[in-house]
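One-letter residues, chain by chain:
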Amino acid sequence: MSISPLAPQWLSFPEDSNALRPGMWAQDVLRGGNGELEISGIPVSALAAEFGTPLFVVSEADFRARARDFKDSFDAAFADACGGVDVYYAGKAFLCTEIARWVASEGLRLDTCSGGELAVAARAGIPGANLGLHGNNKSDAELNRALDMELGRIVVDSLPELHRLGALAQERGVQANVMLRLTPGVHAHTHEFIATAHEDQKFGLSMAADRGSGMSPASEAVAAALQNPGIRLLGLHSHIGSQIFDPAGFEEAARRLLGFLAEVKQLHGVELPELDLGGGYGIAYTEADTPRPAAEIAKAMAAVVSGTCAALGLAVPRISIEPGRAIVGPTTFTLYRAGTVKTVRVDTADGGSAERRYVSVDGGMSDNARPVLYDADYSAVLASRASEHDAVISRVVGKHCESGDIVVRDVYLPSDVDHGDLVAVPGTGAYCWALSSNYNYIARPPVVAVRDGAARLIIRGETEEDLLARDVS
């Protein structure tokens, strides 16, 4: 056993470097008899041979189970309070036509944030009534498309957008179904770039009163929406951030929004019927992450909502939530093939030095931008075989011309990982393919769905012809 001084404190030395840590993998991923990683009985070597690497591998059964778990857990928790919950899958995490169909077939609705995502929803055959549209800067074309599709909700982010949407709806002689996105001033304990409920950022209408008028932008928007004949105001929406484990932020946001609903009732004599409490539930990327089960989250939120409404004299509004990462993130792993492997010596805090092994793979920041964007952590395993060699502290890096092209910053891997081995990184279902790029003219990888021992392509990988197709010079 050799614990490296280069390892972060949370990273324990593995007793068995071949073990799969619980919570990071889909339910149908395991080690086969020869130590090779399998999903639904299919060895990863077979997937690599058929589809190539890098490759996103999605467990359909796991995705469906997680979607059902959120729906069933929140329905049960809120059954007595408001008859259940509307669960909107946050499509920005990962969306394609097949995923949209899974979402619909499991009884979930779909949250979109662009015209392109609306196009995917339409192609999947999802009715407009089961769709929502987000965005801080929606174009007139996107708002018109939402009205054409008769969306169940358009989440309005600002007063100018509210006025534009009202005018567009009035021109058609219809009413737009609107939720107002508020910033409740709750600081989520997450990375600055994925915290979205504090005041100094681009999303939402502030609940803080203006020093001059004494009226908050949120209050002004409610008054304007209630007076606009083109707007049907459904209720309020908030989202405090992403990859959050501490429940206190969600609970405090709910209290503040319900307090605001009570103010609306007092000022306007209107009890708005809906409240969306957003998403952002964390998942396990590494052993340091401790996600909460959906049922536990649901019960805690139901208790806060019911208790607060009772204290304020409000009927419990219809609640909705927007999990994305928590459904799709753990369903997927990325399969890479190792290339160059080298060992370097690194200075340590005690004045000595230690070895770090660099394992280069055939993808990187073009298929997973999260580490370079906001220092996201991941884990990795040797996937193509078992190893009896000692585990050594390693850094999995990509093939791009950037020193920040790091896939996994710190992980213990067997010391004999070498050129040609398959390496798997779990938890890559959310914001990996969705943020993928063609940096260095690297083709984006395919996505394969696996279920009941069969694998099928749901997004094909790009080719060099694809890369050159739009180059008209």
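What you see is a predicted model, and the numbers here were worked out from it, not measured in a lab. (Residues numbered from 1 in each chain as written. Predicted model: local features only at pLDDT ≥ 70, side-chain atom pairs only at ≥ 80, totals over all residues. Heavy atoms only, no water.)

Peer 1: Explanation requested: the overall build of the chain in the structure shown.
Peer 2: Along the chain, the regular secondary structure elements total 12 helices and 21 strands. A total of 473 residues make up the chain; the buried ones form 55% of that total. Pairs at least 24 residues apart make up 70% of the contacts formed inside the chain by residues separated by at least 6 positions. Summed over its atoms, the accessible surface of the chain is roughly 19500 Å², and 49% of this surface lies on carbon and sulfur atoms. (Helix = DSSP H or I, 4+ residues; strand = E, 2+ residues; numbered from the N terminus. Buried < 20%, exposed > 50% of the residue type's maximum accessible area, 1.4 Å probe, protein only. Contact = heavy atoms within 4.5 Å. Areas by Shrake-Rupley, 256 points an atom, 1.4 Å probe, with all protein chains shown as cover.)

Peer 1: Is there a simple way to think about the nonpolar core in this case?
Peer 2: Within soluble globular proteins, side chains that are nonpolar tend to cluster in buried spots. Core analysis: the largest hydrophobic core is formed by 108 residues, its most contacted members being F74, Y89, L162 and L180. Broken down by element, this core gets its largest block of residues, nine residues, from helix α8 (residues 248-268). Contact partners of F74, with chain neighbours within four places excluded, come to V85, Y281, A294, I297, A298, M301 and I321. With 22 residues, the next largest nonpolar core counts V29, L37, I42 and A48 among its residues. (Core = buried A, V, L, I, M, F, W, Y, C linked by side-chain atoms within 4.5 Å.)

Peer 1: Any chance you could explain unusual backbone geometry here in plain terms?
Peer 2: The phi torsion of most residues other than glycine is negative, and most of the peptide bonds are trans. Omega for the bond connecting T53 with P54 falls within 30 degrees of zero, at -5°, which places this linkage in the cis form. Inspection of the secondary structure assignment puts P54 in the loop between α1 (44-51) and β4 (55-59). With a phi angle near 55°, E150 is a residue other than glycine that sits in the positive phi range. Within the chain, D452 stands out as a residue other than glycine whose phi angle is a positive 50°. Here D452 shows up in the loop between β20 (447-451) and β21 (454-459). You can call D452 exposed: its relative accessible area is 71%.

Peer 1: Would you take a moment to explain the pairing of β21 for this structure?
Peer 2: Within a regular beta strand, the side chains point alternately toward one face of the sheet and then the other, so they alternate between its two faces. Bridge count for β20 against β21 is five bridges, and the pairing is antiparallel. Looking at the pairing, V450 lines up with A455 of β21. Counting the residues in the hairpin turn of β20 and β21 gives two residues, including D452, whose phi is positive at 50°. (Pairing = 2+ DSSP bridges.)

Peer 1: Any chance you could explain the UniProt feature "binding site: pyridoxal 5'-phosphate" (unreviewed entry) in the chain here in plain terms?
Peer 2: Following the UniProt record, the feature "binding site: pyridoxal 5'-phosphate" (unreviewed entry) maps to G280, E322, P323, G324, R325 and Y431 here. Here P323 lies in the loop between β13 (318-321) and α10 (325-328). In this structure P323 touches F70, V87, Y88, Y89, A90, G279 and Y281, once residues within four positions along its chain are discounted. Structurally, R325 can be placed in helix α10. On the basis of relative accessibility, which here comes to 5%, the residue R325 falls in the buried class. (UniProt positions renumbered as here; feature names shortened; annotations may be inferred.)

Peer 1: Would you mind showing me how to read the packing of aromatic side chains here?
Peer 2: For any pair of aromatic rings, geometry is given as the distance between the ring centres together with the angle between the planes. In this structure the tally under the stated criterion is 10 aromatic pairs. By the ring-pair criterion, three or more aromatic residues cluster together here, those being F70, F74, F78 and Y281. Lying over the aromatic face of F203, R181 brings its terminal NZ or CZ to 4.4 Å of the ring centre. (Phe/Tyr/Trp six-rings, centres within 6.5 Å; stacked < 30°, edge-to-face > 60°. Lys NZ or Arg CZ within 6 Å of the ring centre and 35° of its normal.)

Peer 1: Is there a simple way to explain the sheet that holds strand β2 (residues 37-39) in this structure?
Peer 2: Strand pairing in a sheet takes place through backbone hydrogen bonds and is either antiparallel or parallel in direction. If you walk across this open sheet you meet the three strands as β1-β2-β3, and the pairing is antiparallel. Sheet topology places β1 (29-31) and β3 (42-43) at the edges, where each strand pairs with a single neighbour.

Peer 1: What is the right way to look at the pattern of salt bridges in this model?
Peer 2: Oppositely charged side chains can form a pair if their charged atoms are brought close together. Taken as a whole, this structure holds 29 salt bridges when the rule is applied. As a salt-bridge pair, R451 and E60 come within 2.9 Å of each other at their nearest N and O atoms. One end of the pair, R451, is in strand β20; the other, E60, is in helix α2 (residues 60-82), and 391 residues separate them in sequence. A relative accessible area of 3% places E60 in the buried class. Residues E106 and R64 are paired through a salt bridge, measuring 2.8 Å at the closest nitrogen-oxygen approach. With E106 in the loop between α3 (97-105) and β6 (109-112) and R64 in helix α2, the pair connects residues that are 42 residues apart, well separated along the chain. Classification of E106 as buried rests on a relative accessible area of 14%. Take R64: its relative accessible area is 14%, and that puts it in the buried class. One connected set of salt bridges, linked through shared partners, spans E60, R64, R68, E98, R101, E106, R451, D452 and R456. (Salt bridge = Lys/Arg side-chain N within 4 Å of Asp/Glu carboxyl O.)

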